Amino acid sequence: MEYEKMSHFPTDFLWGASSAAYQIEGAYREDGKGLSVWDKFVRIPGKTFKGTNGDVAVDHYHRFEEDVALMKEQGLKAYRFSIAWTRIFPEGKGQVNQKGIDFYNRLIDELIANQIEPVVTLYHWDLPQALQDEYGGWESREIVTDFTNYAKTCFDAFGDRVNYWVSLNEQNVFISHGYQMESHPPAVNDEKRMYAANHIANLANASAIKTFHDGHYQGGIGPSFAYSPGYAVNGDPKNQVAATNYEDYAAHFWMDVYVYGRYPKMIYKWLTERGTAPVITEADQALLIAGKPDFMGLNYYQTQTIAANPLVGGVGLAAENNTGKKGTSSESGVPGMFKTTNNEFLKQTDWDWNIDPEGLRIALRRIDSRYDLPVLITENGLGAYDKLEEDHQIHDDYRIYFINEHIKAIKEAISDGVKVIGYTTWSFTDLLSWSNGYQKRYGFVYVDRDEESAKELKRYKKDSFYWYQKVIQENGRYL
Ligand code: BGP
């Protein structure tokens, strides 16, 4: 579309940035906080890059006022963060820890005093270890009650000031990494257990959403889904079928459940034949349908290019590049279904993620036409090595380029007619990358720490900080 003919961003567009509790807060044993599965998992040798953990992270728990002041200076309209379940319920259920409520009250009040809309994620992977120990966490239906109770406690405590709630962050990621790739807790590789746990997570998600709607709280709620749209590598119908398989397997398998309360037929049949399909009761069905989100949260980083993959001798699941050594990842797939392959039109990051701004427009269009829901882009950004110069500047022109191109793609999608509520980039400050340590940086604000030492955790504004400040001031008019 010609630039002049494009729609403008709505005046109430939520320009923002995001984070997650475990990746920024630190203070992992303070003020009554209980331990989460990540507090334990990071202590298993070899599980994270150079053994990094979030014990201190970037110490946001003690520095949130400084961080919010930086958000204010940048002009953010929204800030997405997550609540640590273990601060509210140290054991996952039972007695509320008032100090946990107090902390998030202070943070939310500080944001609102600075005209920044809080976007609150209820679950960004830090499950209370007590629930993992007691009944296996996501593998027990008991978690539906406990998660719903935790969610309701948050709605009651903060719902008078919060208009945007995210229920589960990237269920597809925490389930597949936790029960197949063994790279997140509980580090299991068992397909049947994975799909059973995933179904229970769907129920918990729907139950929290239903509770929110039944309680007539202000605002809206939806899950954040990690969607990497798939393209067929070429016009060969075999590759087109593979790409169709990929979309059902990697995207509709979650989003169809969120919106329509049903699994894609082809995948459910495939799982049934393998003996790994989840058990779905009639009550489950009713709950899934009753828990329809108000918006789709979209975490978009990249696309995948898809080719056919033979059943016998086909490519299986590959490990991820967690070292930042470019070119160390390989094709990954499901034999008989699809595999990912190289796209000659796209460049990659140092962690081998495809750089594809146009893919964001495609993601938005596909979500809009299949689900007809407004979309809140809850994550998008570039993980890169940044260099702190002697004069404390950080010249991250590559990040400026990356985000600028993605904002253009959003503008195209809005011009196409998609309702996009806002854009909270990943991330506001640098933070801990779950499996990649501190060297993979995403923030507008540099935090001076590394894998070896927390140093003084000083904050420095990157070039992208000032650039995004201007984008916000101009409401994305000149890109
Ligand atoms: C998403 C997560 C975030 C964040 C981001 C970047 O999957 O929701 O928490 O970590 O990806 O990923 P990474 O840190 O692996 O580069």
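Residues numbered from 1 in each chain as written. Predicted model: local features only at pLDDT ≥ 70, side-chain atom pairs only at ≥ 80, totals over all residues. Heavy atoms only, no water.

Engineer: Go over the UniProt feature "active site" (unreviewed entry) in the protein, please, and point to the residues and values.
Structural biologist: As recorded in UniProt, the feature "active site" (unreviewed entry) lies at Glu-379. Examined against the element boundaries, Glu-379 turns out to sit in strand E13 (residues 375-379). Apart from the residues within four sequence positions on either side, Glu-379 is in contact with Ser-18, Arg-80, His-124, Asn-169, Glu-170, Leu-298, Asn-299, Tyr-300, Tyr-301, Thr-424 and Trp-426. Here Asn-299 takes part through its side chain, which lies 3.1 Å from a polar atom of the side chain of Glu-379. (UniProt positions renumbered as here; feature names shortened; annotations may be inferred. Helix = DSSP H or I, 4+ residues; strand = E, 2+ residues; numbered from the N terminus. Contact = heavy atoms within 4.5 Å. Polar contact = N/O pair within 3.5 Å; in protein donor to acceptor, adjacent residues only side chain to side chain.)

Engineer: Outline the packing of helix H3 (residues 60-74) against helix H15 (residues 463-473), listing residues and values.
Structural biologist: The interhelical angle for the contact between H3 and H15, taken along N-to-C directions, is 50°, at an axis separation of 9 Å. With respect to H15, the axis of H3 lies oblique. Here Leu-70, Glu-73 and Gln-74 of H3 lie close against H15, whose contacting residues are Ser-464, Phe-465, Tyr-468, Gln-469 and Ile-472. (Axes fitted to C-alpha atoms, helices over the stretch in contact; angles between N-to-C directions. Parallel < 35°, antiparallel > 145°, perpendicular 65-115°, else oblique.)

Engineer: Kindly report on the pattern of salt bridges, identifying the contributing residues and their values.
Structural biologist: Close approach of charged atoms allows side chains of opposite charge to pair. Following the criterion strictly, the structure yields 36 salt bridges and no others. Between Glu-273 and Lys-269 there is a salt bridge; the shortest N-O distance is 3.2 Å. With Glu-273 and Lys-269 both in helix H11 (residues 265-274) and four residues apart, the pair spans about one turn of that helix. We classify Glu-273 as exposed; its relative accessible area is 60%. Look at Lys-269 and you get exposed, because its relative accessible area is 53%. One salt bridge connects Arg-361 with Glu-358, and the closest N-O pair in it is separated by 3.7 Å. Note that Arg-361 and Glu-358 are positioned in helix H13 (residues 357-371) at a spacing of three residues, about one turn of the helix. Looking at Glu-358, the relative accessible area reads 44%, which means it is partly exposed. (Salt bridge = Lys/Arg side-chain N within 4 Å of Asp/Glu carboxyl O. Buried < 20%, exposed > 50% of the residue type's maximum accessible area, 1.4 Å probe, protein only.)

Engineer: Residues and numbers for the environment of Glu-139, please.
Structural biologist: With respect to the secondary-structure elements, Glu-139 resides in the loop between helix H6 (129-135) and helix H7 (142-158). Taking relative accessible area as the criterion, Glu-139 reaches 27% and is therefore assigned partly exposed. Distance from Glu-139 to Met-194, taken between C-alpha atoms, is 8.3 Å for residues 55 residues apart in sequence.

Engineer: Before we move on, can you summarise the sheet that holds strand E6 (residues 230-232) with the specific residues and values?
Structural biologist: Read from one edge to the other, the open sheet built from four strands follows the order E6-E8-E10-E9, with strand pairing classed as mixed. The open sheet has two edge strands with one neighbour each: E6 and strand E9 (333-334). As paired strands, E9 and strand E10 (residues 338-341) are joined by two bridges and run antiparallel to one another. Pairing of Gly-333 across the sheet is with Lys-339, part of E10. (Pairing = 2+ DSSP bridges.)

Engineer: If you had to explain the packing of aromatic side chains to someone new, which residues and values would you point to?
Structural biologist: With the rule as written, the count across this model stands at 45 aromatic pairs. The interplanar angle of 80° and the centroid separation of 6.2 Å between the aromatic rings of Trp-85 and Tyr-123 together place this pair among those described as edge-to-face. Of the two residues, Trp-85 sits in helix H4 (residues 85-88) while Tyr-123 sits in strand E3 (residues 117-123), which places them 38 residues apart along the sequence. What makes Tyr-123 buried here is its relative accessible area of 2%. Arranged with centres 5.3 Å apart and planes meeting at 50°, the rings of Phe-155 and Tyr-217 form a pair that is tilted. (Phe/Tyr/Trp six-rings, centres within 6.5 Å; stacked < 30°, edge-to-face > 60°.)

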